[in-house]
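The primary structure of each chain is shown beneath.
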Amino acid sequence: MSPEAVGLIGIGILVVLLFSKMWVGISMLLVGFVGCIILGGYSAAAPILGMLPYTTTSNYTLACMPVFIFMGVLVSESGLGSDLYMAAKTWLGRLRGGLAMATIGACGFFAAVCGDSVTSAVTMSKVSYPEMMKHGYGKGLAAASIASGGTIGILIPPSLCFILYALITEQSVGKLFMAGIIPGILVVVFYMIVIAIKARGKSGEIPPAATEGYTLKEKFVSVRLVWPIVLVFLVMMAGMYAGFFTPTEAATVGVIVTIIVAVLGRRLTLKKFIGALKETLSYTCMIYILLIGAYVFMRFMAFSRIPAWLSANIGMLHTVYEVPRLIILLGVIVFYIFLGMFMDVLPCILLTLGFIYPIIETVGYNLIWFGVIMTRMMEIGMISPPFGINLFVCAKSCDVPMGALYRGIIPFVCASILHVALIVAVPALSLWLPSLM
C-alpha cells in the first residue's frame, strides 16, 4: 500500500474518532503515532513521541499564549467586561439599536485583552442580553449580536489563533497581531452597519429610540470605565510596534498592568485570582494536548507525502493549467467556512494548516495576509448555521430558541462575507501596519 493511501485511511479514521466525540488532541496523537509506526517503523516513531511533546511546548513563541489567556480571564473575572458594555451603552444607548451596537463595541474592546471568541460571547451574554431584553429587543437579534460580536475576540490582538498560526507557519507573532488591528476595527463597523440598517426597518426586533439619553458630561465620565482596557492594549501594542519587547514580554507586561488596575479598582480578590489561575491552567493544558497531537499527526502526514502531493498538484493547476490563484483561494475560503461550522477554531487550525499553508505559499500569497483571511473564515464558520459554535454557546447562555437565532444571524454572516471580500480585494488593510514595524 502506498504512503498516500495509508495517509488517506488515517484521515478517515481520524474523522470517525472525532465524530465519535473522542478528544481531538488524543485522536490526532493516536492516529499520528500508529501511522508513523506503519510508514516509518517503531524506531522512527518512538523518538517522535519521546521528544515532540517537549520541543512543542517549550517553544518560546508559545510561551506568550498562557499569559494572554491569564490576562483575558483576569479581565473577565474582575468585571471589566461589564464596564466596557456600560461605557458603550452610555455613548450609543440613545440611538435606535444602540444597545445592540454597544454590545458589538464592547466586544471589540474586550477582544483587545481576551483572544478567544467563546469567552467573549459568554461574557457579553451575561452583561448585555438582560439589558436588551429589558428594553424590548427581539431575542434572535439580541443573541445574534452577541454571537457575532464575540467572534471579534480572535481577530483583534492578542489572538490565540494568530499565536498558533505563527507557530506552525514560522511567521512573526508581532506582525500578525498588527495585521489584525484594522480588519478587526472594520468588523465592528460592518456589524454596527447591519444593526443600523435593521433599525430602519419595521420588523419589531429593535424598539424605538430612547426618549432620554445621557448628558455629554456623563458620556465623558463613562470613559473612565474603558481606560484600563485601552491602557493595557496600548502598552502591549505600542511596545511590540516600537520593538521594545517581544510578544511574550508584551503578554507579561499586559498581565502586570491588568493586575495593578484590577487591584487598585478593588475588582480582584484572592479568590478570583486563584480562580483565574485554575481556569488558565485548564485551558492551557487543553491547548497543549491539542498542539502535541497536531504535531504528531503532521509528522504522520509528512511520512505519507500527502501535503507535498497536494501542494505540487494545486501548484500545477496554477502554473501549468493557468487556473487563477484567486479561484484556489476561494476554494480554501469555502473549505474553512464549512469546517468552522463543525469545529472550534483551534482544532481547525491545527488539523488543516499543515496542508493549507504550503498551497498558499506555492501560489504566491503573503502568509501574514492569509493568516487574517483564515482567522476571518473561522469566525464566519462559528456563526454560520446550522452548527456554528458561537450560536450554540449563545443559545445556551441566553436561553434563545435556535430558530430565532438562525434568523437573527444571517445578516451578520452576509456582512462578514462582504468584509472578507474587502480584505481580499485590498491586502493593504492587513499588511500596512506590519510593513511599518
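Definitions and cut-offs
Each residue is numbered by its place in its chain's sequence as written, counting from 1. At least 70 in pLDDT is required for a residue's local features to be given in this predicted model, at least 80 for side-chain atom pairs to be given and counted, and no such filter applies to totals for whole chains, interfaces and linings, which use all residues. Each side-chain value is worked out from all heavy atoms of the structure, with water and hydrogens disregarded. Each helix is a run of DSSP H or I of at least 4 residues and each strand a run of E of at least 2, with the numbering of both proceeding from the N terminus. Taken over C-alpha atoms, the radius of gyration is set against a globule rule of 2.2 Å times the number of residues to the power 0.38. Think of it in three bands: with a 1.4 Å probe and only protein chains considered, a residue is buried below 20% of the maximum accessible area for its type, exposed above 50%, and partly exposed in between. It only takes one pair of heavy atoms within 4.5 Å for two residues to be counted as in contact. Exposure was quantified through the Shrake-Rupley algorithm and a 1.4 Å probe, taking into account, for residues, occlusion by the shown protein chains and nothing else. His is not counted here, nor are the chain ends, while Lys and Arg score as positive and Asp and Glu score as negative. One atom stands in for each charge, and that atom is NZ of Lys, CZ of Arg, CG of Asp or CD of Glu. The convention used is that axes are lines fitted to C-alpha atoms, helices contributing only their stretch in contact, and that angles between N-to-C directions extend from 0 to 180 degrees. For this classification, under 35 degrees means roughly parallel, over 145 means roughly antiparallel, 65 to 115 means roughly perpendicular, and everything else is oblique. Between the rings of Phe, Tyr and Trp (Trp by its six-membered ring), a pair exists once the centres lie within 6.5 Å; its type follows the angle of the planes, with under 30 degrees stacked, over 60 edge-to-face, and the other angles tilted. Here the nonpolar core consists of buried residues drawn from Ala, Val, Leu, Ile, Met, Phe, Trp, Tyr and Cys, with membership extended through side-chain atoms lying within 4.5 Å. The method works on a 1 Å grid over the protein atoms by themselves. A cavity is a set of points holding a 1.4 Å probe that cannot get out, a pocket is an open set with protein on both sides within 12 Å along at least five of seven lines, and residues with an atom within 4 Å of a point line them. Grid points are joined across faces, edges and corners, and a volume is the space filled by probe spheres set on the points. For any pair of crossing helices, the crossing counts as left-handed if the nearer helix is rotated counterclockwise from the farther one by less than a right angle, and right-handed if it is rotated clockwise. Residues are grouped as follows: Ala, Val, Leu, Ile, Met, Phe, Trp, Tyr, Cys and Pro are nonpolar; Asp, Glu, Lys and Arg are charged; all remaining types, including Gly, are polar. Whenever Lys or Arg places a side-chain nitrogen within 4 Å of a carboxyl oxygen from Asp or Glu, that contact is recorded as a salt bridge.

Caption draft 1: Inspection of the overall build of the protein chain at higher detail. Scanning the protein chain from N- to C-terminus turns up 21 helices and 0 strands. For the protein chain, the C-alpha radius of gyration of 22 Å lies close to 22 Å, the compact-globule estimate for 437 residues. C-alpha extents for the protein chain along the principal axes are approximately 75 × 50 × 45 Å. Counting all 437 residues of the protein chain, 54% fall into the buried class. Look at the contacts in the protein chain between residues 6 or more apart in sequence, and 80% of them connect residues 24 or more apart. As presented, the protein chain carries roughly 18600 Å² of accessible surface, and 70% of it is formed by carbon and sulfur atoms. Here the protein chain holds 25 positive side-chain charges and 16 negative ones, and the gap between their average locations is 9 Å.

Caption draft 2: Broad picture of the packing of helix 2 (residues 24-40) against helix 3 (residues 42-57). Where helix 2 contacts helix 3, the two axes come as close as 7 Å, and the packing angle between them is 150°. Taken together, the axes of helix 2 and helix 3 lie roughly antiparallel to each other. Residues Leu29, Phe33, Cys36, Ile37 and Gly40 of helix 2 lie in contact with helix 3, whose contacting residues are Tyr42, Ser43, Ala44, Ala45, Ala46, Ile48 and Leu49.

Caption draft 3: Summary view of the packing of aromatic side chains. Scanning the model with the defined rule gives 6 aromatic pairs in all. Residues Tyr191 and Phe412 carry aromatic rings whose centres are separated by 5.6 Å and whose planes lie at 80° to one another, so their mutual orientation is edge-to-face. Of the two residues, Tyr191 sits in helix 10 (residues 173-199) while Phe412 sits in helix 20 (residues 402-425), which places them 221 residues apart along the sequence. The buried category is assigned to Tyr191, whose relative accessible area is 1%. For the pair Phe297 and Phe300, a centre-to-centre distance of 5.9 Å together with 70° between the ring planes defines the contact as edge-to-face.

Caption draft 4: Quick look at the nonpolar core. Counting residues in hydrophobic clusters, the biggest one holds 153 residues, and the most contacted among them are Met65, Tyr336 and Phe370. If you tally residues by element for this core, the top one is helix 10, at 12 residues. Aside from chain neighbours lying at most four places away, what touches Tyr336 is Thr352, Leu353, Ile356, Phe370, Met374, Met377 and Met378.

Caption draft 5: Highlighting the layout of surface pockets. In this structure, the largest pocket encloses a volume near 860 Å³. Considering the residues around the largest pocket, the lining is formed by 31 residues, among which Phe335, Leu339, Met343, Leu351 and Thr352 are closest to the centre. Contributing elements (two or more residues each) for the lining of the largest pocket: helix 1 (3-19), helix 14 (270-304), helix 15 (306-319), helix 16 (325-342), helix 17 (345-362) and helix 19 (389-398).

Caption draft 6: Looking closely at the environment of Tyr165. By the element assignment, Tyr165 lies in helix 9 (residues 160-169). Of the residues examined, Tyr165 reaches a relative accessible area of 0% and is grouped as buried. Separated by 206 residues in the primary sequence, Tyr165 and Gly371 place their C-alpha atoms 6.9 Å from one another.

Caption draft 7: Local environment of the packing of helix 10 against helix 20. Where helix 10 contacts helix 20, the two axes come as close as 10 Å, and the packing angle between them is 140°. In this view, helix 10 runs oblique relative to helix 20, as classed from their interaxial angle. Like other packed secondary-structure pairs, helix 10 and helix 20 cross with a definite hand, here right-handed. From helix 10, Pro183, Leu186, Val187, Phe190, Tyr191, Val194, Ile195 and Lys198 reach across to helix 20, where they touch Pro411, Phe412, Ala415, Ser416, Leu418, His419, Leu422 and Ile423. Residues belonging to the contact of helix 10 with helix 20 are distributed by class as follows: 13 nonpolar, 2 polar and 1 charged.

Caption draft 8: Layout of the pattern of salt bridges. Counted according to the given criterion, the structure contains 2 salt bridges. Notably, a salt bridge pairs Arg305 with Glu4, separated by 3.6 Å at the nearest N-O pair. Of this pair, Arg305 sits in the loop between helix 14 and helix 15 while Glu4 sits in helix 1; the two residues are 301 residues apart in sequence, bridging distant segments of the chain. A relative accessible area of 23% means that Glu4 is categorised as partly exposed. Between Arg376 and Glu379 there is a salt bridge, with its nearest N and O atoms 2.3 Å apart. Linking Arg376 with Glu379, this pair stays in helix 18 (residues 367-382), spanning 3 residues, or about one helical turn. The residues Arg376 and Glu379 share a single accessibility class, namely buried.

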